[in-house]
Every structure is written in structure tokens, then in C-alpha cells.
Amino acid sequence: MMRIEAEALAFGYPEHPVGRDASLSIGAGEVLCLLGPNGCGKTTLFRTLLGLLPPQGGRVLLSGEDIRQLSRAETARRMAYVPQAQAAIFPYTALDLVLMGRIAHRGMFAGPTKDDIAISHQALADLGIAALAERDVTRLSGGQRQLVIVARALAQAAPLIVMDEPTASLDFGNQVRVLSEVRRLADRGIAIVLSTHDPDHAFAVATSVALMSEGRIIDCGIPNEVLTAESLRRVYGVDVSVEVLADGRSICSPRW
Amino acid sequence: MKRGAGALVIPALAVILILSAIAAMTIGAYPITIDGFASAIARLWSGASAQTPEERVLLNIRGPRVIAGILVGASLASAGVVYQGLFRNPLVSPDILGVSAGAGLGAVLGIFLSLPLVAIQGLAFIGGLATVSLVYVIARAVRGRDPTLVLVLGGVVVGALAGAAISLLKILADPYDQLPAITFWLLGSLASTRGAEITGALPAVLIGLIPLILLRWRINVLSLGDEEARSLGIEAGRVRAVVIAAATLMTASVVAISGVIGWVGLVIPHIARMIVGPNFERLLPTAMLMGASYLVLVDVLARSIARIEVPIGILTAVVGAPFFLWLLWRGRHGWS
């Protein structure tokens, strides 16, 4: 069973520690939402979870194995990464970009196989963007490009997907589209870790929330318990109210 | 471009290259008819020694020159494709790491010391590799910054130093004998290329080409940047080092036989990318074939537009500089 665990993780740089004592555990079908103000260390924690930065203490386990013991390809087969939306530099087709998710499954000197191409088409179709396959990614909208990158994570066939602010810089419709894909992926049994700036996104998709402040995870648990008017005021320094709707969902709105 | 459509481009470019080569062998101060060319090639192919003037011109002068043009054009274009992808910057070229300047310094030193031709080439080669190694050491030493930026700036700095050293040698060189040779070499030319030089450079070019072909898919992924490439399962640092070493080996080996021919490594990768897109699997062969044809044809111009031979580097600059400006003018999508 796939599970990512952080044990008493200290993260940052030797001369510039960012945070410590981060402990997390996410398994199949769970969605962990990481919430915290700008500069609280979310991105650094993510980079450490992904194995892009060495931990300054503690460890990251993927299915019980220390990530430092795993090769890059082995890590990529267990954990896919959806970076923040950014402008594409080279005009790859969407299919070419999704195909790159398959590289961890092939040998050092290989090219993509027919299977890889079929899997990539399937990943695009799963996200409802099969029609974009031959389109130039530099000419796609931000939301379309983000979905293409999610398709790449699907093609990577990893049981865990880490998303760094997948809704950042997307318009409202695209935010909803990306979040509903997150829910569908979790329903398929994929474990997901994502960061966001919007408590409502956590209410919408998360099975658990980790609230971060100044490099520490100050609370972690189910969204309705962690995200309260009190805790949000403490972390963000603004007055908000959290209300439970008739259908049991919560929403958060600022108190003007 | 759709998958598969590139399949037509490559054979078409191969045909263009063959036609360019035939044109280059027949056009010149001693014109050869197509019939004469065909019968001379048939006789030489069967192993006969060169007897007619046609055969001697083909075997000793134009043949090596055309082959050198193919080798140099293909190598500079593929190195350009690699550097542009790896540095994630469509405006860089083999000159970016100071390869050309370093190789130039080596060759100028050889001419200054009146060394034989083989030694001049050897020094050019050593100069090119030494510059890149130096740039690489600088980049490793300056940690904690954007590694690509440091690499590029290191290349500019080391290239400028090599340029200063070249200027010093030009001042000190004998103005009647050495200085013209240095100047001519720095402008680039295929005029003095002979068979022995080609057989010297060919293995190095092939050794550089093999990793580029084997790692073609990984080179694509590296163009997304290091973090993304690593998260996709690639040992980015190691692959990048191998690929840069390979591209540099190719550049330094051809600069050693042709002198400094600028712009090819910038212009050709762009045109190739416009035709087949950025996927390295199609881009590499396309750029190689285009670079080869381009240099063979420009070399025909170099030896036929004026009574004296025009250094080929001047012509590639005359074509390349306006093209570069056009790219800038077209803006962000200009190189796509």
C-alpha cells in the first residue's frame, strides 16, 4: 500500500533552516491540503517531501522506504509532481509533454514505446482534454496547461501525486475544474498532497488539512476541526467566519 | 507538428543535402558537367586512381571540402540544438560556453608559435575543452544561484578573457606572415581542409553524437528545467554534464578543422524547430541535415561570389545577424 510519511522532518538549508518537526502521513485515496500564509515554508517542505532538497533532520518515507535510498526513477514511479503553473518555454505538443511522464518507466537510452503513447492518450482522455493532444502547449490557456501537467502525472502512474498550488493563477472556472479532478483522482485511490491559499479549496477536496505557520505544522486533522475562525485568524491575522451550509459543507468568508 | 509528419521532412532534407553536395562538387573555378561528374565518381568509386583533372579536383579539393562542410554544419547545428534545450534559452549557441573563443585561442597560439597544422588543430581542440571545463568549475564553485545563469555568465567571462588573449597574440604576431593566417582562421574557412584533417575530426564528432542520440528523450525532459526533470525520474545533473561534454566535443573538433564559423549553431536550430517542433528525436536529425546543406551551399558562395575567397564566417554572419534581429522582432513566438 502506498503511503508517504514525514517523520519529524526538519527542512531548509544548512545555513538557513526553514522549518522543523513536520510529521505527516497520507495514504491511498486521501487528500492532504497544506494551508499557510506566504513564506511559511510550504514550498520548501514540498521540495523536501519530493526529495529535491535533502532533509536537515528526520526523514521522508515512501511505502516505508527512506527516499534517500531510492533512485530518481524509483521515486518518480511512486510519486508524481505537478509544479505551479508556469509559462512553457518550448512549444511541445500536449502529447509530448504527457509522454515525459513515462520516462521513469523506461531504460536510460530508450524512446517512448507504443504503450507509452497509448497510456498518454488515455491520461489526456481521462481529464477530458483528448482534443488537446496535438496542440502546442505555449498556446494553451493556463487552465488547459495545468490539466495537461495533471495528465502527465497520471501517465507517470504513481500512486501519489504532489501538487504545488494547482489552482494558483487560474480563473474561477479552471479552479473548479482542477479541484474536481483532484476529487476524482482521490476516488480512484490516488493519494494526493496539495497546497493552496484558499481555505474553501481545503473544505472542497481535503480529507485532512495541515495548517502551517512559520515553518511549523501547528495543527493537522479533518478540515472542519482544523479550519476554524479562531485558527485562521491566528495564522493569517484576519477576521473570518466559517459557516456550515445546509448540505454539511463549510465555507469561509472574511468578516468586513 | 503531428507525430509522423516529421517522417517526410527528414528524407526531403536528405535529398536536399545530396543535391547541395553535387552542386558544390560541380560549381567552381574549374566547372565540371554533370556527365563528367558522374563518370569521374564512377571511376573513383571503382578504386581507380585520379587521372583526369576532374577526378583530381574532386578527390583532392572539392570532395574533402564538401565533406568538411557537412561535418562542420551538422556538428554546429546539433550542438546549438543541445545548448538551446539545456539552457532553456532559444537564443544561445555553441559560443555560449566560450567553446569557440577557447578553441580560437588555442589555434591562434599554434599559428603564433609557427607550429604545424596538426598541432594547431590539437591546440584548438584543447583550448575549447579547457574553456568549458573552466566554465564548469566556476559554475560549481558559485553555488546557491541559478546554475544555468552562472554557467552562461561564466561562459561570457571566460570567452571575453580568451578574446583578450587572442588580441594580445595578434599584436605580437608577425604582421606579414602570421597575422593574415590568424585573421583568416578566426573568420572561418573550409578552403584548406584536406582528407587527413577530416579523418582526424570524424571520430571525435561521432563520439560526441552517440550520447546525444542515446539520451534524446532525456534531453527533451531536461528542457523543462532541473527540478521538473528530477521529479520525472532523471538524474538531471549527471545527464546534463554528459550532454554538454558531448556537444562541446563536437564543437571543438570542427572548430579545429574549420576555424570559427559563427551563427550556424544559432540560426539552424531555430529554423529546424519551426519546421518539426522542439521534440529532440526529430529536431536533432533535422538540424543536422539542414546545418550540413546550409554550410555546403554557403561555402559554394564563399568561393564563387568574388575573385578572392570570402571567409565563410563572414557570409554566415551576413545571413545570421539579420535573421537574429528578425527573431527578436517577431517576439516570443518567433522561435517556436
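Predicted model, so just to flag it, every value in this text is computed and none were measured. (Residues numbered from 1 in each chain as written. Chains lettered and ligands numbered in written order. Predicted model: local features only at pLDDT ≥ 70, side-chain atom pairs only at ≥ 80, totals over all residues.)

1. Thoughts on the overall build of chain A
The line we're drawing: Secondary structure counts use DSSP, requiring at least four H or I residues in a row for a helix and at least two E residues in a row for a strand, with both numbered from the N terminus. We compute the radius of gyration over the C-alpha atoms and compare it with the globule rule, which gives 2.2 Å times the number of residues raised to the power 0.38. To sort residues by exposure, count the other C-beta atoms lying within 10 Å of each residue's C-beta; 20 or more gives buried, 12 or fewer gives exposed, and values between give partly exposed, all with C-beta atoms placed from the backbone. By the convention adopted here, residues make contact when the C-beta atoms placed from their backbones lie within 7 Å.
Along its length, chain A carries 9 helices and 12 strands. Taking 18 Å as the expected radius of gyration for a compact globule of 256 residues, we find that chain A reaches 18 Å, a close match to that expectation. In terms of principal-axis extent, the alpha carbons of chain A reach across some 55 × 40 × 35 Å. Of all 256 residues assigned to chain A, the portion counted as buried reaches 47%. Across chain A, the fraction of contacts at a sequence separation of at least 24, relative to all contacts at a separation of at least 6, is 65%.

2. Quick word on the overall build of chain B
On a plain count of helices and strands, chain B comes out with 14 helices and 0 strands. For chain B, the sequential pattern of α-helices and β-strands runs α-α-α-α-α-α-α-α-α-α-α-α-α-α. Taking 2.2 N^0.38 as the reference for a compact globule, 336 residues should give roughly 20 Å; the C-alpha atoms of chain B span a radius of gyration of 20 Å, in line with that estimate. With respect to the three principal axes, the spread of C-alpha positions in chain B is 65 × 55 × 40 Å. Out of the 336 residues belonging to chain B, those deemed buried represent 50%. The contacts in chain B between residues at least 6 apart in sequence include a share of 75% that link residues at least 24 apart.

3. Remarks on the confidence of the model for chain B
Residue and element names in this part refer to chain B. Put simply, the test is: Residue-level confidence of the predictor, termed pLDDT, takes values from 0 up to 100.
Per-residue pLDDT for chain B has a mean of 87; in total, 96% of the residues score no lower than 70. Averaged over each element, pLDDT in chain B is lowest for helix α5 (residues 117–141) (83) and highest for helix α13 (residues 280–304) (95). Scored by ipTM, the complex comes to 0.92, with pTM at 0.88.

4. Examining the pairing of strand β11 (residues 240–244) of chain A
All names here are of chain A. To be explicit about the condition: Paired strands, as defined in this entry, are two strands with at least two bridges between them according to DSSP.
Among the 5 residues that make up β11, 0 are buried, leaving the element largely open to the surroundings. Taken together, the 5 bridges between β11 and strand β12 (residues 250–254) define a ladder with antiparallel strand orientation. For Ser241, the partnering residue across the bridge sits in β12 and is Ser253. Here β11 folds back onto β12, and the loop between the two strands holds 5 residues, one of which, Gly248, carries a positive phi near 95 degrees.

5. What to know about unusual backbone geometry
For residues besides glycine, phi is generally negative; the peptide bonds are generally trans as well. All names here are of chain A. One non-glycine residue, Asp21, lies in positive phi territory at about 60 degrees. Mapped onto the elements of the fold, Asp21 is located in strand β2 (residues 16–27). Residue Asp21 is classed as partly exposed on the basis of its C-beta count, with 14 C-beta atoms lying within 10 Å. Phi angles above zero are rare outside glycine, and Ala157 is one such case at about 55 degrees. Note that Ala157 resides in the loop between α5 (142–155) and β7 (160–163).

6. Observations concerning the sheet that holds strand β3 (residues 31–35) of chain A
Residue and element names in this part refer to chain A. Short version of the rule: Orientation is described by axes fitted as lines to C-alpha atoms, over the contacting stretch for helices, and by angles from 0 to 180 degrees between their N-to-C directions.
The strand order across the open sheet formed by 6 strands is β6-β7-β8-β3-β9-β10, and the pairing between neighbours is mixed. Two strands lie at the open edges of the sheet, namely β6 (79–82) and β10 (216–221), each paired on one side alone. Across the sheet, the mean angle separating the axes of adjacent strands is 15 degrees when strand polarity is ignored. The sheet contact formed by β3 and strand β9 (residues 208–213) spans 4 bridges and is parallel.

7. Quick notes on the interface of chain A and chain B
Inclusion rule: Note that Gly is not counted as nonpolar here; it falls among the polar residues with everything else outside the nonpolar set of Ala, Val, Leu, Ile, Met, Phe, Trp, Tyr, Cys and Pro and the charged set of Asp, Glu, Lys and Arg.
If you look at the interface, chain A gives 24 residues, while chain B gives 23 residues. For the side of chain A that touches chain B, the element with the highest residue contribution is helix α2 (residues 72–78) of chain A, accounting for 4 residues. Looking at the side of chain A that touches chain B residue by residue, the classes come out as 16 nonpolar, 5 polar and 3 charged.

8. Describing the environment of A:Ala73
With respect to the element layout, A:Ala73 can be found in helix α2. The exposure class of A:Ala73 is partly exposed, given the 17 C-beta atoms found within 10 Å. On a C-alpha basis, the gap between A:Ala73 and A:Arg249 in space is 40 Å, while along the polypeptide they are 176 residues apart. Contacts of A:Ala73, omitting those with residues within four sequence positions, involve A:Ala104 and B:Gly233.

9. With respect to the sheet that holds strand β4 (residues 57–62) of chain A
Residues and elements named next belong to chain A. One open sheet holds the 4 strands; their spatial order is β2-β1-β4-β5, and the pairing between them is antiparallel. Two strands lie at the open edges of the sheet, namely β2 and β5 (65–66), each paired on one side alone. In this fold helix α1 (residues 42–49) packs onto β1 (3–13), β2 and β4, with an angle of close to 120 degrees to the strand it touches most, β1.

10. Some words on helix α7 (residues 178–187) of chain B
All names here are of chain B. The test is simple: To be clear, the arc concerns the directions from the helix axis to the C-beta atoms.
When α7 is considered as a whole, its buried residues turn out to be Ile182, Trp185 and Leu186. In a view along the axis of α7, the buried residues occupy a sector of 100 degrees, so they form one face of it. Packing partners of the buried residues in α7 comprise α4 (99–112) and α6 (147–172). Gly188, located one to two residues past α7, shows a positive phi value of around 85 degrees.

11. Considerations on the nonpolar core
Which entries qualify depends on this criterion: Nonpolar cores are built from buried Ala, Val, Leu, Ile, Met, Phe, Trp, Tyr and Cys residues. These are joined into a set through C-beta atoms within 7 Å.
Grouped together as the largest cluster of nonpolar side chains are 183 residues, with contacts concentrated most on A:Ala151 and A:Ile161. Beyond its immediate chain neighbours, meaning those up to four positions away, A:Ile161 contacts A:Ala80, A:Val82, A:Ala153, A:Leu185, A:Ile190 and A:Ile192.

12. Describing the packing of helix α12 (residues 264–276) of chain B against helix α14 (residues 312–330) of chain B
Two measures define how a pair of helices packs: the angle their axes make with one another and the distance between the axes. Residue and element names in this part refer to chain B. Short version of the rule: Every angle not falling under 35 degrees, over 145, or within 65 to 115 is termed oblique; those three ranges are roughly parallel, roughly antiparallel and roughly perpendicular. Throughout, a crossing is termed right-handed when the near helix is turned clockwise from the far one, and left-handed when it is turned anticlockwise from it by less than a right angle.
Their axes nearest at 9 Å, the elements α12 and α14 cross at an angle of 55 degrees. Our classification of the angle between α12 and α14 gives oblique. α12 and α14 meet at a crossing whose hand is left-handed. Residues Val264, Leu266, Val267 and His270 of α12 form the contact with α14, whose own contacting residues are Thr316, Gly320, Phe323, Phe324 and Leu327. Split into classes, the residues belonging to the contact of α12 with α14 amount to 6 nonpolar, 3 polar and no charged.

13. A short note on the environment of B:Ala246
All names here are of chain B. Within the secondary structure, Ala246 sits in helix α11 (residues 236–258). By C-beta crowding, Ala246 is classed as buried, having 22 other C-beta atoms within 10 Å. Sequence separation of Ala246 and Ala77 is 169 residues, and the distance between their C-alpha atoms is 13 Å. When near neighbours in sequence (up to four residues on either side) are disregarded, Ala246 contacts Gly208, Pro211 and Leu212.

14. Some thoughts on helix α2 (residues 34–45) of chain B
Quick reminder of the rule: An expected span of 1.5 Å times one less than the residue number is assigned to each helix.
Taking 1.5 Å per residue, 12 residues should reach 16 Å; α2(B) reaches 16 Å between its end C-alpha atoms and fits that length. Where α2(B) terminates, the next one or two residues include B:Gly47, which has phi positive at roughly 100 degrees.

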